Amino acid sequence: MSISPATWARTALNRLLDASPLVIALLLAFMVASTLLLALNVSPLEGFASMFEGAFGNENSTAETFVKATPMLFVAIGICIAFRGGMTNVGGEGQMIMGAVAGTAVALAAGEPLGWLGIPLAIIAGFIAGALYGGLAGWLKAWFNVNEILSTIMLNAIAVQFMNFMLNGPMLDPTEAGVNQIPKTARILETIQLPRLSLPLPPGVADLFSLQNAELFARTRLHWGLVIAVLLAVVAYFLLWRTTVGYRIRAVGENERASRYAGISVRGHMVLSMMLAGGFAGLAGIIQVLGLQYRLQTDGSATGFTGNAGFNGIVVALFGGLNPLGAIPASAFFGGLLVGAQKMQRDLGVPAALITSINGLIVIFAVSSEYFRVWLTRRRRLAEAEAQQKAASASTAGVPS
Amino acid sequence: MLHMNKKGMGLGLAALGLLGVLPAVSAQDDVFRVAAVAPSAAADLAFSQSMFDALTLLDEELGDAFEFTFQEGTFIVDDAAVAMRDWASSGEYDLVIGHGSQYGAVVEELAAEFPEVSFAWGTDNNTFGLPNVFAYTAAAEEGGFINGALAALLSEAGNIGVVGPIEVGDAKLYVDGFVSGALSVNPDATVGVNYIQSFSDVPLATEAAEAFVANGADVLTGSAQMVVGPIAVATDNEVLWFGTQSSQAELSAESGVTFQVYRWDVVLRDIIASLEEGVLGGESYVLTLENGGLEIEISEFSGLDETTLAEVEATVATLTEGIIAGDILLLPDMVEATPEAGS
Amino acid sequence: MNIFETIGSIVTASVFASTLRLATPYLFAAIGETFAQRSGLLNLGVDGIMLMGAFTGFYAVYATGSLLLGVLTALVVGGLMGLAIAFISVTLRAKQGISGIGLYLFGLGLSELLFQRLIGTPKSIERFPDIYIPVLSDIEFLGIGQIFFRQNLLVYIAFASVPIAAYVLRRTSYGLKIRAVGQNPAAADAMDVNVARIRYSTQIFGGMMAGLAGASLSVALLGVFQQNLTGGLGFIAVALVYFGRWRPVGVMIGALLFSFVNALQLQVGALGFDVPPEFSTMAPYVITIIALAFAGRQTEKPTALTVPFQRGE
């Protein structure tokens, strides 16, 4: 049976309608943001223009948006897997830190002799450390019935202290010892740094857009981590929807009891989904070091060095519909929001805390919009069933028995 | 006047930026423009405020010839990197400041990439061998020593509590100097040091201070922005408070005695002079009592009686002189540089 | 110094007094959350409500000088945020853990924004004074007077709320309804219990208690406000509800244990023992995880926790 254009159009329209509650959620959040801006005596138009400029206004700000998006995307991929597996992983922060600590240790140890091989080794170490740390929470849940939300929150706090300990002692930059004691590791070798990313442009294009360089994103901090993240998002998508393991993870997430009857190891898959989630968060951590900071260093805050990417990754995953592919544009969007908020603070003196609260609202509105999506779907099903019934009764009436 | 808000410019800039034709405005006019990023609030009564106050002071003094932009609350190093890159690439600023030792790696990278822009950062003394980086730091142990000596002098119980953040940078120097100063006056004094592993955890800092008071401390001190908690403990229990980085006289009311105030304007004046001569960096500055970069402020709200205050004043003067003359060994165990700073 | 003297010098009466103070905000927040969870609602946004309660309470005291008004403001703001999250969880049936994270971010950002705009710099206020209970506060034996009877009003209220909460949950018809709604909403509904109304009420109460918890920090214990004052305290409070197996007394034991370890590590720091500070700082979290693991099978967990109720399903 070939798909008629009408059916195709209807499917497309339905898809659009499915997405509409999310869009409305976003609009609502921006309306609240506008109100707050007005209360701060800032014209919302001016505020959003400043944010947009900060996020996508030029080559450099666009690059910064992607730089901000990269760790959030890694974390979000893991969150998608964990949530699909029924595990509410709030431990992205701690898993990122563990990945960064282990990966950095390997990168520093690898040193000169291994050359660029240090990069994959460090990345693998970061993945494994994050996976073990995430798996710990999964194990506690599966065997000891410890709520994973709570254990991961505790593990986050523990990871920060563990990192501080490592940076103050075993991993302290030798040149810092006895001087300022600033808790940071030595810089990793240039051969082990992820290269910066730039795109060669066809001749003439740079002139057309008055770009400073012949290569797009040259002289910016954009690095190959973004490419790795996007590729892994695709891999994760296939893992979840095209493999048996992925099917089982989702089955456990959707219905524990039914999965058990079907002979799936529920406990095993709980641990597995948390390990994968932790692994991806660990990647976020080590890629931040290899691609951007070139050393592990605490910012002295309660989050250590993550810049809240572990938390924000949850928002990204949700907004991407708990689908790794959806997380790709979602991470760019939230990356832009966060980078743009900083610009707004610089230009207009609007505290960036405003955007933290708006992010919260977006999450609330997004999860609430699920109600309307379900409502829409149900109404459509009813309508379709009715139509089918009508068609069926019409056909029975038409055919003489 | 402040230039934190540049209303009206945003839209125009946005429109230009969209077209990608934002020209690199060269900073060749007569106005000296500074942009600074700091980890905590501009009014944190501590590290960030010390820089904000310095810039405000210069702004008042130099009037139209000086403008500054200040991005506060940027503890996330990456966000600071975005801000500094934005400023550096705009070409609008004569000087870009990363006010926090955690910003070092960012400055190192940006300065190499934007050799025409001048950067300053601290607290550290490393200019990375780059000709367009200034580094600045504070000899916080000097004021720490004076505060410590006064603390031991005024403590009736001989029991002093120190609430520190993480054992690094100027906080460590201050605490080490403080302990050494206290012990120089009263070798038998109990000086407890508790690093709470956070620059911002007020509840924990408060309980740490309460623990000291409960153990008999009648003088408290501390460094970093979470000291607002310990200050409240000091005022509530009517024990003395010594501060550092910025003046906390108003908040600590009758408990406050002396404050070591960072006068970054001293450094900034030098940097501005250098820049006007075409020197973009390469220099490392240290705030000291000698160069006026460190000031010991005696609280105007102090509850001490006049005789004691006179004694405090005299001690500050004597010790300042001694430290400037180099007669006082500030950190006797500096050679070992032990990471532990317990009592 | 023998081992007992060493322990004696560390575990002093002041450590226990400190434990009680530290436990206060956890108690308020966790008791409120216990009610919500017993009725089947998980609110992970406790920390966000606490921050808003802490700021608005502080601001009310700062502006008016009235401690009572500060507490009332925090209660009202907390109640309103509870109402909002109830609407989201009960009426819109949104996924609860995540909507709570949203509420947390909202409270975190808004409290900081308001603080920067309305106050800006650390200010102190007259905080709740310690109330010395006559006679009892003078008991020297084991430091009982110092530990229990020289605290501020909100500390007393927090601990008084434990038996009251336990009584309400176990012995009143309201408590019975809460438990029924949390265990089997369909059955409760069949018995003419208004599931939505009960859940709204527990969540609003939970919000008010979280607001009060925030105020107990800013107005009673610290006397200051700063951005992210709670530093994730509300999340620990939620953990304590699980730890205490959804019983107020259990929650109190958990709050006391967590706070005791925290007070102890501060005392160890104050006495200058040679322990890497990172390890003592992480100790309370490690112990909570271990305790959660030993909390066992959690058979008392409300079976309908996080499950939205819809008639006719």
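All of these numbers come straight from a predicted model, not from anything done at the bench. (Residues numbered from 1 in each chain as written. Chains lettered and ligands numbered in written order. Predicted model: local features only at pLDDT ≥ 70, side-chain atom pairs only at ≥ 80, totals over all residues.)

Trainee: For this particular structure, what's the right way to read the overall build of chain A?
Mentor: Secondary structure assignment for chain A yields 14 helices and 2 strands. Dimensions of chain A along its principal axes, counting C-alpha atoms only, are 95 × 55 × 50 Å. Taking all 401 residues of chain A together, 58% fall into the buried category. Partitioning the intrachain contacts of chain A with sequence separation of at least 6 by distance along the chain shows that 77% fall at a separation of at least 24. (Helix = DSSP H or I, 4+ residues; strand = E, 2+ residues; numbered from the N terminus. Buried ≥ 20, exposed ≤ 12 C-beta atoms within 10 Å, placed from the backbone. Contact = placed C-beta atoms within 7 Å.)

Trainee: Is there a simple way to think about the packing of helix α4 (residues 92–110) of chain A against helix α11 (residues 266–293) of chain A in this case?
Mentor: Each pair of packed helices can be summarised by the angle the axes make with each other and by the distance between the axes. Residues and elements named next belong to chain A. Packing of α4 against α11 brings their axes to within 6 Å, and their N-to-C directions diverge by 50°. With respect to α11, the element α4 is oriented oblique. Here the hand of the crossing between α4 and α11 comes out right-handed. Where α4 approaches α11, its residues G92, Q95, M96, I97, M98, G99, A100, G103, T104 and A107 are matched on the opposing element by G278, A281, G282, L283, A284, G285, I286, Q288, V289 and L290. Each residue belonging to the contact of α4 with α11 can be placed in one class, and the counts come to 11 nonpolar, 9 polar and no charged. (Axes fitted to C-alpha atoms, helices over the stretch in contact; angles between N-to-C directions. Parallel < 35°, antiparallel > 145°, perpendicular 65-115°, else oblique. Left-handed = near helix turned anticlockwise from the far one by under 90°. Nonpolar A, V, L, I, M, F, W, Y, C, P; charged D, E, K, R; others polar.)

Trainee: Teacher, can you tell me more about the sheet that holds strand β5 (residues 133–138) of chain B here?
Mentor: Consider a sheet: its strands pair through backbone hydrogen bonds, and that pairing is either parallel or antiparallel. Residue and element names in this part refer to chain B. What the 6 strands build is an open sheet, ordered β2-β1-β3-β4-β5-β11; its pairing is parallel. If you trace the sheet from one side to the other, it starts and ends with β2 (66–71) and β11 (284–287), each paired once. Within this sheet the neighbouring strands show an average axis-to-axis angle of 20°, counted without direction. Where strand β3 (residues 95–99) lies against strand β4 (residues 118–122), 5 bridges are found, and the strand directions are parallel. Each residue of the ladder has a partner; that of H99, found in β4, is G122. On the sheet, helix α3 (residues 77–90) packs against β1 (32–37), β2 and β3 and is oriented at approximately 170° with respect to β3. (Pairing = 2+ DSSP bridges.)

Trainee: How should I be thinking about the sheet that holds strand β12 (residues 294–298) of chain B in this particular structure?
Mentor: Residues and elements named next belong to chain B. Pairing is mixed in the open sheet, where 6 strands are placed in the order β7-β6-β8-β9-β10-β12. In this open sheet, the two strands that pair with only one neighbour each are β7 (190–195) and β12. Strand-to-strand twist in this sheet, taken as the mean axis angle between neighbours without regard to direction, amounts to 15°. Summarising the sheet, strand β10 (residues 256–262) and β12 pair through 5 bridges and their orientation is antiparallel. Paired with T258 across the strands is I298, a residue of β12.

Trainee: When you look at the pairing of β4 of chain B in this model, what are you seeing that I'm missing?
Mentor: Residues and elements named next belong to chain B. With 5 of its 5 residues buried, β4 lies for the most part within the structure. Here β4 shows a buried face lined by S118, A120 and G122 and a second buried face lined by F119 and W121. In this view, the connection linking β3 to its parallel neighbour β4 by way of helix α4 (residues 104–113) has right-handed handedness. The pairing of β4 with β5 spans 4 bridges and is parallel. (Right-handed = clockwise from strand over helix to strand, strands pointing away.)

Trainee: How do you make sense of unusual backbone geometry when you look at a structure like this?
Mentor: The general pattern is negative phi for most residues beyond glycine and trans for most peptide bonds. Each neighbour pair has its own omega, and for G122 of chain B with T123 of chain B the value is 10°, a cis peptide bond. Tracing the backbone through its elements, the reader meets T123 of chain B in the loop between β4 and β5. A positive phi angle is found at N41 of chain A, which is not glycine, with a value near 65°. Looking at where N41 of chain A falls in the secondary structure, it is placed in the loop between α1 (5–39) and α2 (44–56). C-beta crowding within 10 Å serves as the criterion here: with 12 such atoms nearby, N41 of chain A is assigned to the exposed category.

Trainee: Honestly, the packing of helix α7 (residues 202–214) of chain B against helix α10 (residues 195–222) of chain C in this entry has me stumped. Any pointers?
Mentor: Following both chains from N to C, one finds α7 of chain B and α10 of chain C inclined at 25°, their axes separated by 12 Å at the closest point. Our classification of the angle between α7 of chain B and α10 of chain C gives roughly parallel. Handedness of the crossing formed by α7 of chain B with α10 of chain C: left-handed. Judged by residue contacts, V202, P203 and T206 of chain B of α7 of chain B engage L217, L221 and L222 of chain C from α10 of chain C. Its residues assigned to classes, the contact of α7 of chain B with α10 of chain C shows 5 nonpolar, 1 polar and no charged.

Trainee: Can you help me understand helix α5 (residues 118–144) of chain A in this one?
Mentor: Residues and elements named next belong to chain A. Its 27 residues place the ends of α5 38 Å apart at the C-alpha level, agreeing with the 39 Å of an ideal helix rising 1.5 Å per residue. Along α5, 20 of the 27 residues are buried, which leaves the element largely enclosed by surrounding structure. One or two positions beyond α5, positive phi appears at N145, with a value near 60°. (Expected span 1.5 Å × (residues − 1).)

Trainee: What exactly am I supposed to notice about the interface of chain C and chain A here?
Mentor: Many authors give the size of an interface as the accessible area that is lost as the parts come together. Contact residues are listed per partner, giving 41 residues for chain C and 34 residues for chain A. Mapped by element, the contributors of at least two residues to the side of chain C that touches chain A are α5 (96–118), α11 (233–243) and α13 (277–294) of chain C. Of the residues forming the side of chain C that touches chain A, the biggest block, 16 residues, is contributed by α5 of chain C. Grouping the amino acids of the side of chain C that touches chain A by side-chain chemistry returns 25 nonpolar, 10 polar and 6 charged.

Trainee: So what exactly am I meant to see when it comes to the nonpolar core here?
Mentor: Nonpolar side chains tend toward joint burial in soluble globular proteins. With 350 residues, the main nonpolar core has L73 of chain A together with Y26, A239 and L240 of chain C as its most contacted residues. Built from parts of two domains, this core gets at least three residues from each of domain 1 (13–139 + 264–287) and domain 2 (140–262 + 295–335) of chain B. Sequence-distant contacts of A239 of chain C, that is, excluding residues within four places in its chain, are made with L150, I153 and M154 of chain A together with T288 and L292 of chain C. (Core = buried A, V, L, I, M, F, W, Y, C linked by C-beta atoms within 7 Å. Domains from an automatic or database assignment.)

Trainee: Help me understand the domain arrangement of chain B, please; the structure alone is not making it clear to me.
Mentor: All names here are of chain B. The assigned domain composition of chain B is domain 1 (13–139 + 264–287) and domain 2 (140–262 + 295–335). Taken together, the contacts link 15 residues of domain 1 with 14 residues of domain 2. Those elements giving two or more residues to the side of domain 1 that touches domain 2 turn out to be α2 (47–62) and β5. For the side of domain 1 that touches domain 2, the leading source of residues is α2, giving 4 residues. A class-by-class count of the residues in the side of domain 1 that touches domain 2 yields 7 nonpolar, 6 polar and 2 charged.

Trainee: Would you mind showing me how to read the environment of F165 of chain A here?
Mentor: Tracing the backbone shows F165 of chain A in helix α6 (residues 148–168). For the pair F165 of chain A and Q389 of chain A, spaced 224 residues apart in sequence, the C-alpha separation works out to 69 Å. Excluding anything up to four places from it in sequence, F165 of chain A contacts P276, E278 and F279 of chain C.

Trainee: Would you take a moment to explain the environment of F149 of chain C for this structure?
Mentor: Residues and elements named next belong to chain C. Examined against the element boundaries, F149 turns out to sit in the loop between α6 (144–148) and β2 (150–152). Look at F149 and you get partly exposed, because 19 C-beta atoms sit within 10 Å. Along the primary structure F149 and S99 are separated by 50 residues, whereas in three dimensions their C-alpha atoms are 40 Å apart. Contact partners of F149, with chain neighbours within four places excluded, come to Y132, I133, L136 and S137.

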